[in-house]
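The residues making up each chain are set out below.
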Amino acid sequence: MADIFKALADPTRRTILDELVDRDDQTLFEICSRLSNKHDLGMSRQAVSQHLEVLESAGLIRSRREGRYKFHRIDPVPLRSMLHRWMKPQTTAAEHTTETEEKT
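Procedures and definitions
Residues numbered from 1 in each chain as written. Predicted model: local features only at pLDDT ≥ 70, side-chain atom pairs only at ≥ 80, totals over all residues. Heavy atoms only, no water. Helix = DSSP H or I, 4+ residues; strand = E, 2+ residues; numbered from the N terminus. Buried < 20%, exposed > 50% of the residue type's maximum accessible area, 1.4 Å probe, protein only. Salt bridge = Lys/Arg side-chain N within 4 Å of Asp/Glu carboxyl O. Contact = heavy atoms within 4.5 Å.

(A) The arrangement of unusual backbone geometry in detail. A positive phi angle, close to 60°, is found at Asp-25, a residue other than glycine. If you trace the backbone, Asp-25 turns up in the loop between α2 (11-22) and α3 (28-39). We classify Asp-25 as partly exposed; its relative accessible area is 22%. The phi dihedral of Asp-40 is positive, around 55°, even though this residue is not glycine. Mapped onto the secondary structure, Asp-40 falls in the loop between α3 and α4 (45-57). When its relative accessible area of 69% is taken as the criterion, Asp-40 is described as exposed.

Right, here's the structure in full:
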C-alpha cells in the first residue's frame, strides 16, 4: 500500500491517471501529447516513462504490448482495495450523517 501512496503523492502521476481515466489504452506518445496540450506539462518522453513505471509498479496501471507499441490503462482494483480497508461496506453517507447526529 505504501507504493500506492508514493505513486499518488506526485501531481504529475495523478494527472496521468486522470488522462487514463478519460481515455484508456494510450501509448507513451499519446500520454505525452495530452500532458503537453491539456496541462502545459512539457516533459520528455523519458520522464513520462519513469512516471508510468512508478504507477505500474504500484499496480495502478497495466500495460500491454502490440508490435512496437505499448498501451497503458488504469487498474482501479488497488484503489478500491485501499478504500475498502477503512470504509464499512454497509455504511452509506446518509447513515454516517445519522450516526454522527445521534452521538451529539
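From this point, things continue past the structure.
(B) Region of interest: the pattern of salt bridges. Tallying each qualifying case throughout the model produces 11 salt bridges. Of the charged contacts in the structure, one is a salt bridge between Glu-30 and Arg-23, with a shortest N-O distance of 3.0 Å. Its salt-bridge partner being Arg-64, residue Asp-25 comes within 3.4 Å of it at the nearest N-O pair. Of this pair, Asp-25 sits in the loop between α2 and α3 while Arg-64 sits in strand β1 (residues 61-66); the two residues are 39 residues apart in sequence, bridging distant segments of the chain. By relative accessible area, which is 33% here, Arg-64 ends up partly exposed. Taken together, the shared-partner salt bridges connect Asp-24, Asp-25, Arg-64, Glu-66 and Arg-73 into one network.

(C) Seen up close, the environment of Arg-34. Structurally, Arg-34 is set in helix α3. When the C-alpha positions of Arg-34 and Ile-16 are compared, they lie 9.0 Å apart, and in sequence the two are 18 residues distant. For Arg-34, the residues in contact, after removing those within four places along its chain, are Glu-19, Asp-22, Arg-23, Gln-26 and His-39.

Any functional reading would require information beyond the geometric quantities listed.
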